[in-house]
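Listed here are the chains, written in short residue letters.
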Amino acid sequence: MKKYILPLVALLLLLSSCRKEKLEIVNPHHRRVDNFTQQFEAVWTGIDYGYLFWDRDTVDWDARHDELLPIFQDFDSRRNVSDDEVAMAYQQLVRGLLDHHMQVSVRNLLTGHEFSVDPAIFEVPSRPYYHYTYLYNQIDILKSLPGITDFTEGTGSTRVYTALLPGTGDKKIAYLRFTNFYLTYQCYGNYNGWLPLRKFFGNDPINGVTDGWAGSDDVEAIIIDVRGNGGGMLQDLRTFMGALAPSRLDLGYSRTKEGLGRLDYSAWTPFFIDPPANHLDGSKKIVLLTDVNSVSCSEITALMVQAIPNAVVIGERTYGATCPLIDGGNDMLYSGVFGDLEKYGYYVYTSNFDLVDKNFYSHEGVGVEPDIECLFDIEALADGHDNQLDRALEFIRSGK
Amino acid sequence: MTTKLHWRSWEASPPTIANNLLTYLRMNAKNSLIYLRMNIKGIILAAVLCSATSAFCQTESLGNRLFPAQAVSQWNAGLAGGISTNTIDIDVAYASDLRYASSNGFNAGATVAYHPTGWLSFNSGVLMVQKNWSLSRHNAQVTSVKTNATNNYIALPLAMEISMGRTFKVCGFFGGYVGYWLSGHREGKSLSVSYLVSGASDDMNYDEDYQFNTVRDNRFDAGLTYGVALRCDVARLLQISAELRWYYGLTDLQKNYMENLLPRYNTTRTISLGVSYWL
């Protein structure tokens, strides 16, 4: 019997070595690079393991690697590589990716110059309704509207505008516009930007709607204008936008990466926003104005408004950067921002919370569709009319 | 030493059922006294094994006496079941705070064996084997995230078995298996963006059936199986067995869907008790 046992043990050991060997992978979040090839590998690997949308992105990432690696190897063999060449190579790398938050910043290791590329840079402008947001022209038109009172403009990096517009009968329409979601900072910083917020929400805007216009019986409707709003801090969503909701807003589901495999995801968990202690009761009409340059938190605000009864989104399909991120989250979530431009010569800004709506539809790379589409009309603007604001006022006054 | 004494006593006086029982009790008592007199502390395990061996031998003798024809066929078939303990062997690379731990489950199914000779046989069967694992995070910022995964597999092992003994057999076996990942379940706690927005920590729990990802999940399972078993014919047509078996997966749990795929494999240990019928 012994003559069988030894060969069997040998066979067992031989077969047990059939498992794949472990890979040697350097964490792309903290990788020191000495040449273009290493820089490319760090960026490619970081996106390979940390990108959030591999379950639905159509880019062949492995093919991109094989296609571009020789180009970066060629850079390493040369003494002069222009910034344009490096930028073009990285733009080619990220071309077509869904993540509209993504921005890849790199340093030309020969010239020392730094620059950024992103996947949305060609996609969004290619939309037929794409346009620049003429903030100051639109504000000038707002100020000249008949019946407008109490126009207030805040100062600071976040521009905040409020005004009261005439509604039906003696009622008013409260208008609020801001250029990004750093309102909480504005309040804590005690900047002048706080003043319009105090008018709109009340003297204690951090705690929701208190004695401001939004809660006044004289105000029948509210217009929140996030056209051209570039997004910002997630905390603002609850503090300010959540205050407009009568109850918890069930927006859909979120998940994160849960490992380094492209398809290693956590389970979906409910994505909801609870209103702060002081919030509206749902009796006022709410209109959110969006355009193609409404990004990130502006787009989540659109999802919030669509979940509020008696509220509509008017304007255009938004930018398509709906999945949020937290800076420094890569070590925590295996996705999101990685690298350090100053230290390592590369930095990638990308999402780390995947969001879908209640129907499990992802708006990333697509944008949020308005309830009532009203495309920007530059000729009307030239004639002194903001056709999208006009449409919002018409909806409030006519109900359709 | 006690075992030899035991056999010799039987050779001198062939036992009846009553004698066998008395002998069994007497020998166990005698064994105990011998060990106590030897003053070897901490050898309780040896005593237990010795007693168990005596019991098995007694059973063999009893079976032989009652049913002189040990087996009536080269085939036997039966049922087996027990517990399984699975370890997921995974390359986490730089995600070093991911901790995968072993989890217990169950295994149960039908077994069949073919015995061409007295010492060689081939065992097989169709078994449900749970290959469970748990995941936790050991990161100061993320401590609450955890997953308990239940995975139900069907396995068809085929192993060559070599045994020592006649009615009571000590066996070792080695072979391969193929299987299929039938279903799964996940429960645990996940990070939620609601926590960042609202500070709400509730509703982060989940408890759901696992949805297979056809691009990633490799539901085909195959690998090596090996182990040891104790098998004993307790009656003319019945055999009972206790088995310690390993399923050493050689198929990655994932399809080869990305270039730098980090491999992950199951290694499952089962302990099962079975009863089979000589056909």
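Scroll up for the structure.
For the structure given in this document, a descriptive report is provided here. Quantities reported herein were computed from a predicted structural model and do not represent experimental measurements.

### Focus on the overall build of chain A
Per the secondary structure count, chain A includes 14 helices and 14 strands. Projecting the C-alpha coordinates of chain A onto the three principal axes gives extents of approximately 100 × 60 × 40 Å. When burial is assessed residue by residue, chain A has 58% of its 400 residues classed as buried. Sequence separation of 24 or more characterises 70% of the internal contacts of chain A that already satisfy a separation of 6 or more. Across chain A, the mean location of the 35 positive side-chain charges is 5 Å away from that of the 55 negative side-chain charges.

### Looking at the packing of aromatic side chains
All told, the structure shown has 28 aromatic pairs over all chains when counted by the stated rule. When the ring of Tyr134 of chain A is compared with that of Phe376 of chain A, the centres are 5.7 Å apart and the planes differ by 20°; the resulting orientation is stacked. Taken together, the residues Tyr134 of chain A in the loop between α5 (120-123) and α6 (135-143) and Phe376 of chain A in the loop between β14 (372-373) and α13 (378-382) connect sequence positions 242 residues apart. Taking the relative accessible area as the measure of exposure, Tyr134 of chain A reaches 26% and is therefore partly exposed. Classification of Phe376 of chain A by relative accessible area gives buried; the value is 14%. Where Trp75 of chain B meets Tyr114 of chain B, the ring centres are 4.7 Å apart and the plane angle is 40°; that geometry is what we call tilted. Residue Trp75 of chain B is located in strand β1 (residues 75-90), and its partner Tyr114 of chain B is located in strand β2 (residues 98-114); the two are separated by 39 residues in the primary sequence. Look at Trp75 of chain B and you get partly exposed, because its relative accessible area is 41%.

### Points about the environment of Ala311 of chain A
Following the sequence through the fold, Ala311 of chain A ends up in strand β10 (residues 311-315). Non-local contacts of Ala311 of chain A, meaning those with residues more than four positions away in its chain, are made with Ile286, Val305 and Asp371 of chain A.

### Overview of the sheet that holds strand β12 (residues 346-349) of chain A
All names here are of chain A. The 4 strands lie next to each other as β2-β1-β12-β11, forming an open sheet whose pairing is antiparallel. Two strands bound the open sheet, and with one partner strand each, they are β2 (114-117) and β11 (338-340). For this sheet, the mean inter-axis angle between neighbouring strands, taken without regard to orientation, is 25°. In terms of strand pairing, β11 meets β12 through 3 bridges, oriented antiparallel. Note on β12: the bridge partner recorded for Gly339 is Tyr347. Contacts between helix α2 (residues 36-50) and the sheet are confined to β1 (103-107), β11 and β12, with β12 contributing the most and set at about 20° to the helix. The strands touched by helix α4 (residues 83-94) within the sheet are β1 and β2, with β2 carrying the most contacts at an inclination of about 30°.

### Focus on a negative patch on the surface
On the surface, Asp60, Asp66 and Glu67 of chain A together with Glu259 of chain B cluster together to form a negatively charged patch. Mapped onto the elements, Glu259 of chain B comes out in the loop between β9 (238-249) and β10 (264-278). Accessibility expressed as a relative area gives 41% for Glu259 of chain B, which makes it partly exposed.

### Side note on the pairing of strand β3 (residues 149-153) of chain A
Residues and elements named next belong to chain A. Bridge analysis of β3 against strand β4 (residues 160-166) gives 3 bridges, and the strand direction is antiparallel. When the sheet's bridge partners are listed, Thr149 is paired in β4 with Leu164. Counting the residues in the hairpin turn of β3 and β4 gives 6 residues, including Gly156, whose phi is positive at 115°.

### Description of α6 of chain A
Residues and elements named next belong to chain A. By the burial criterion, the buried members of α6 are Leu135, Gln138, Ile139, Ile141 and Leu142. In a view along the axis of α6, the buried residues occupy a sector of 160°, so they form one face of it. Tucked into the core, α6 has its buried residues touching β3, β4, β5 (172-178), α13 and α14 (387-398).

### Focus: the nonpolar core
Note that soluble globular proteins tend to have their nonpolar side chains buried in a common cluster. Residues and elements named next belong to chain A. Ranked by size, the top nonpolar core spans 111 residues in total, and within it Ile47, Tyr90, Val104, Phe200, Ile222 and Ile224 carry the most contacts. Per-element accounting of this core gives the leading share, 7 residues, to α2. What Ile47 contacts, discounting residues up to four positions off in sequence, is Trp54, Trp61, Met102, Val104, Phe338 and Val348. Among the nonpolar cores identified, the runner-up in size contains 23 residues, and Ile223, Ile372, Cys374 and Ala392 belong to it.

### Structural notes on the side chain of Thr301 of chain A
By the secondary structure assignment, Thr301 of chain A is in helix α10 (residues 297-307). Apart from residues lying up to four places away in sequence, Thr301 of chain A is in contact with Phe181, Leu237, Met241 and Leu288 of chain A.

### With respect to the sheet that holds strand β7 (residues 249-255) of chain A
All names here are of chain A. Spatial strand order, β8-β7-β13: 3 strands in an open sheet with antiparallel pairing. Looking at which strands have only one partner, the edges of the open sheet turn out to be β8 (269-273) and β13 (354-356). Ignoring which end each strand starts from, the neighbouring axes of this sheet average 40° apart. The pairing of β7 with β8 spans 5 bridges and is classified as antiparallel. Each bridged residue has a counterpart across the sheet, and for Leu249 the counterpart in β8 is Ile273. Packing against the sheet, α10 makes contact with β7, β8 and β13, and its axis sits at approximately 140° to β7.

### Examining the side chain of Arg64 of chain A
All names here are of chain A. On the secondary structure map, Arg64 appears in helix α3 (residues 61-76). Here Arg64 occupies a buried position and makes no salt bridge, while the nearest side chain of opposite charge, Glu67, is found at 4.4 Å. Setting aside anything within four residues of it in sequence, one finds Arg64 in contact with Val59, Gln92, Leu93, Val94 and Arg95.

### Considerations on the pairing of β10 of chain B
Summarising the sheet, β1 of chain B and β10 of chain B pair through 15 bridges and their orientation is antiparallel. Its bridge partner being in β10 of chain B, Asn86 of chain B is matched across the sheet by Thr268 of chain B.

### Some thoughts on the interface of chain B and chain A
Counting residues at the interface gives 57 residues for chain B and 54 residues for chain A. Between chain B and chain A the total buried area reaches about 4800 Å² when both faces are included, carbon and sulfur atoms providing 63% of it. When residues of chain B are sorted by the area they lose upon contact with chain A, Tyr94, Val193 and Val197 of chain B head the list and together hold 15% of the total. Inspection of the chain B/chain A interface yields 4 salt bridges. Taking the shortest distance from any N to any O, the salt bridge between Arg264 of chain B and Asp264 of chain A comes out at 2.8 Å. Counting the contacts that link chain B with chain A gives 22 residue pairs in polar contact (both at pLDDT 80 or more). Its residues assigned to classes, the side of chain B that touches chain A comprises 33 nonpolar, 13 polar and 11 charged.

### What to know about the packing of α2 of chain A against α4 of chain A
All names here are of chain A. The contact between α2 and α4 brings their axes to 12 Å, and the two run at 25°. In terms of axis orientation, α2 runs roughly parallel to α4. Here α2 and α4 pass one another in a crossing that is right-handed. Contacts from Phe36, Gln39, Phe40, Val43 and Trp44 in α2 reach Val86, Tyr90 and Leu93 in α4. Residue composition of the contact of α2 with α4, grouped by class: 7 nonpolar, 1 polar and no charged.

### Here's the deal with the packing of α3 of chain A against α4 of chain A
All names here are of chain A. The geometry of α3 relative to α4 is characterised by a closest axis approach of 9 Å and an angle of 170° between their N-to-C directions. By the angle between their directions, the pair α3 and α4 is classed as roughly antiparallel. Here α3 contributes Trp61, Arg64, Glu67, Leu68, Ile71, Phe72 and Phe75 to the contact with α4, which in turn contributes Glu85, Val86, Ala89, Tyr90, Gln92, Leu93 and Val94. For the contact of α3 with α4, the class distribution of residues is 10 nonpolar, 1 polar and 3 charged.

The rules behind these values
Residues numbered from 1 in each chain as written. Chains lettered and ligands numbered in written order. Predicted model: local features only at pLDDT ≥ 70, side-chain atom pairs only at ≥ 80, totals over all residues. Heavy atoms only, no water. Helix = DSSP H or I, 4+ residues; strand = E, 2+ residues; numbered from the N terminus. Buried < 20%, exposed > 50% of the residue type's maximum accessible area, 1.4 Å probe, protein only. Contact = heavy atoms within 4.5 Å. Lys, Arg positive; Asp, Glu negative; His and termini not counted. Charge placed at Lys NZ, Arg CZ, Asp CG, Glu CD. Phe/Tyr/Trp six-rings, centres within 6.5 Å; stacked < 30°, edge-to-face > 60°. Pairing = 2+ DSSP bridges. Axes fitted to C-alpha atoms, helices over the stretch in contact; angles between N-to-C directions. Patch = residues over 30% accessible without salt bridge, like charges linked within 9 Å, V, L, I, M, F, W, Y side chains within 5 Å. Areas by Shrake-Rupley, 256 points an atom, 1.4 Å probe, with all protein chains shown as cover. Salt bridge = Lys/Arg side-chain N within 4 Å of Asp/Glu carboxyl O. Arc of directions from axis to C-beta. Core = buried A, V, L, I, M, F, W, Y, C linked by side-chain atoms within 4.5 Å. Buried area = accessible area lost by both parts, 1.4 Å probe. Polar contact = N/O pair within 3.5 Å; in protein donor to acceptor, adjacent residues only side chain to side chain. Nonpolar A, V, L, I, M, F, W, Y, C, P; charged D, E, K, R; others polar. Parallel < 35°, antiparallel > 145°, perpendicular 65-115°, else oblique. Left-handed = near helix turned anticlockwise from the far one by under 90°.

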